Amino acid sequence: MKSEKKPTRADVEAAFKTIIRWSGDDPTRDGLKETPARLARAYEEYFRGYDEDPEAILKKTFEEIEGYDEMIVLRGIRFESHCEHHMAPIIGHAWVAYIPRGRVVGISKLARVVNAYAKRLQIQEKMTAQIANTIQQVLEPEGVAVVLKAEHQCMTTRGVHKPGTDLVTSRMLGVFRDNPITRQEFLAIVTEDQKSR
Ligand code: ZN
């Protein structure tokens, strides 16, 4: 998937200089002189998820949980991603739930998994599935539920220009898919939480 040779920082800065010139401005003028370098650093941050291993993040688990077997929900995890079609920001929140089978993971790890997938070129549908599938595969819980709700700037600030619209995606695995009561319980928690945001 990755090309053989990773471009250097200098290559990337040169590319941004070209984009500025092509946009109609002068990359050598004072206000823009440092912009290609700043952009390169910003892009490193936007796409640092490629250097993270979401499965490794979930590897450390805790088993002393006194038989806890109810739903665990991390609500409203803010994330920033970029759509792979326009490289425009996707900004939203994630709700992640699972029902443990004998072991749990540190709750911050769920947020880190969301981030590891968000900081890549994405489409929201795929990201939703990746988060749920990874938690299911590594933790092997009774089930996993993920809801993502986000605004896509490729749609709100360009193209059809529809600010205020957001996209909701979800993926339910295991008991969340098979048991309507479990699913409803989770969705009620999400809905209640969304009202307060
Ligand atoms: Zn887009």
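So, here's what we can say about the structure. (Residues numbered from 1 in each chain as written. Predicted model: local features only at pLDDT ≥ 70, side-chain atom pairs only at ≥ 80, totals over all residues. Heavy atoms only, no water.)

## A look at the environment of I91
Here I91 is to be found in strand β3 (residues 89-99). Accessibility expressed as a relative area gives 28% for I91, which makes it partly exposed. For the pair I91 and A150, spaced 59 residues apart in sequence, the C-alpha to C-alpha distance is 5.3 Å. (Helix = DSSP H or I, 4+ residues; strand = E, 2+ residues; numbered from the N terminus. Buried < 20%, exposed > 50% of the residue type's maximum accessible area, 1.4 Å probe, protein only.)

## Focus on the nonpolar core
Of all hydrophobic cores here, the largest spans 33 residues; its most connected members are F79 and I131. Mapped onto this core, the elements with two or more residues apiece are β2 (72-83), β3, β4 (104-105), α4 (107-118), α5 (124-139) and β6 (143-152). If we skip the residues at most four places from it in the chain, F79 touches I90, I91, G92, H93, A94, V114, A118, M127, L148 and A150. Core analysis: the next-biggest nonpolar cluster, separate from the first, contains 10 residues, A97, A145, M172 and V190 among them. (Core = buried A, V, L, I, M, F, W, Y, C linked by side-chain atoms within 4.5 Å. Contact = heavy atoms within 4.5 Å.)

## Observations concerning the coordination of the zinc ion
For the zinc ion, the full set of protein donor atoms is C83 (SG), H86 (ND1) and C154 (SG), at a range of 2.2 to 2.3 Å. Linear spacing of the donor residues for the zinc ion on their chain is C-x2-H-x67-C. Linking C83 in strand β2 with C154 in helix α6 (residues 153-156), this pair joins segments that are 71 residues apart in sequence. Taken individually, C83 and C154 each receive the classification buried, so the pair is uniform in this respect. (Donors = N, O, S within 2.8 Å, 3.2 Å for Na, K, Ca; no water.)

## A look at the layout of surface pockets
What the second largest pocket holds in volume is close to 160 Å³. Lining the second largest pocket, in full, are I91, G92, H93, W95, K149, A150, E151, G164, T165, D166, Q194 and R197. Where the lining of the second largest pocket is concerned, the elements lending two or more residues are β3 and β6. Element by element, the count of residues in the lining of the second largest pocket is highest for β3, at four residues. Here the lining of the second largest pocket is composed, by residue class, of three nonpolar, five polar and four charged. (1 Å grid on protein atoms, 1.4 Å probe; cavity = no way out; pocket = protein on both sides within 12 Å on 5 of 7 lines; lining within 4 Å. Points joined across faces, edges and corners; volume = space filled by probe spheres on them. Nonpolar A, V, L, I, M, F, W, Y, C, P; charged D, E, K, R; others polar.)

## Some details on the packing of helix α1 (residues 9-23) against helix α2 (residues 35-46)
In contact at an axis separation of 8 Å, α1 and α2 are set at 120° when each is read in the N-to-C sense. When the axes of α1 and α2 are compared, the pair comes out oblique. Helix-helix and strand crossings are classified by hand; for α1 and α2 the assignment is right-handed. For the pair formed by α1 and α2, the contact residues are R9, V12, E13, F16, K17 and I20 on the first element and T35, P36, A37, L39, A40, R41, Y43 and E44 on the second. Residue composition of the contact of α1 with α2, by class: eight nonpolar, one polar and five charged. (Axes fitted to C-alpha atoms, helices over the stretch in contact; angles between N-to-C directions. Parallel < 35°, antiparallel > 145°, perpendicular 65-115°, else oblique. Left-handed = near helix turned anticlockwise from the far one by under 90°.)

## With respect to the pattern of salt bridges
By the definition in use, this model includes 10 salt bridges. Across the salt bridge formed by E192 and R75, the nearest N and O atoms sit 3.5 Å from each other. On the criterion of sequence distance, the pair formed by E192 in helix α8 (residues 180-195) and R75 in strand β2 is long-range, its members being 117 residues apart. The salt bridge involving E80 is made with R78; its shortest N-O contact spans 2.9 Å. A residue is classified by how much of its surface remains accessible, and E80, at 33% relative accessible area, is partly exposed. Exposure remark for R78: the relative accessible area of 45% places this residue in the partly exposed category. (Salt bridge = Lys/Arg side-chain N within 4 Å of Asp/Glu carboxyl O.)

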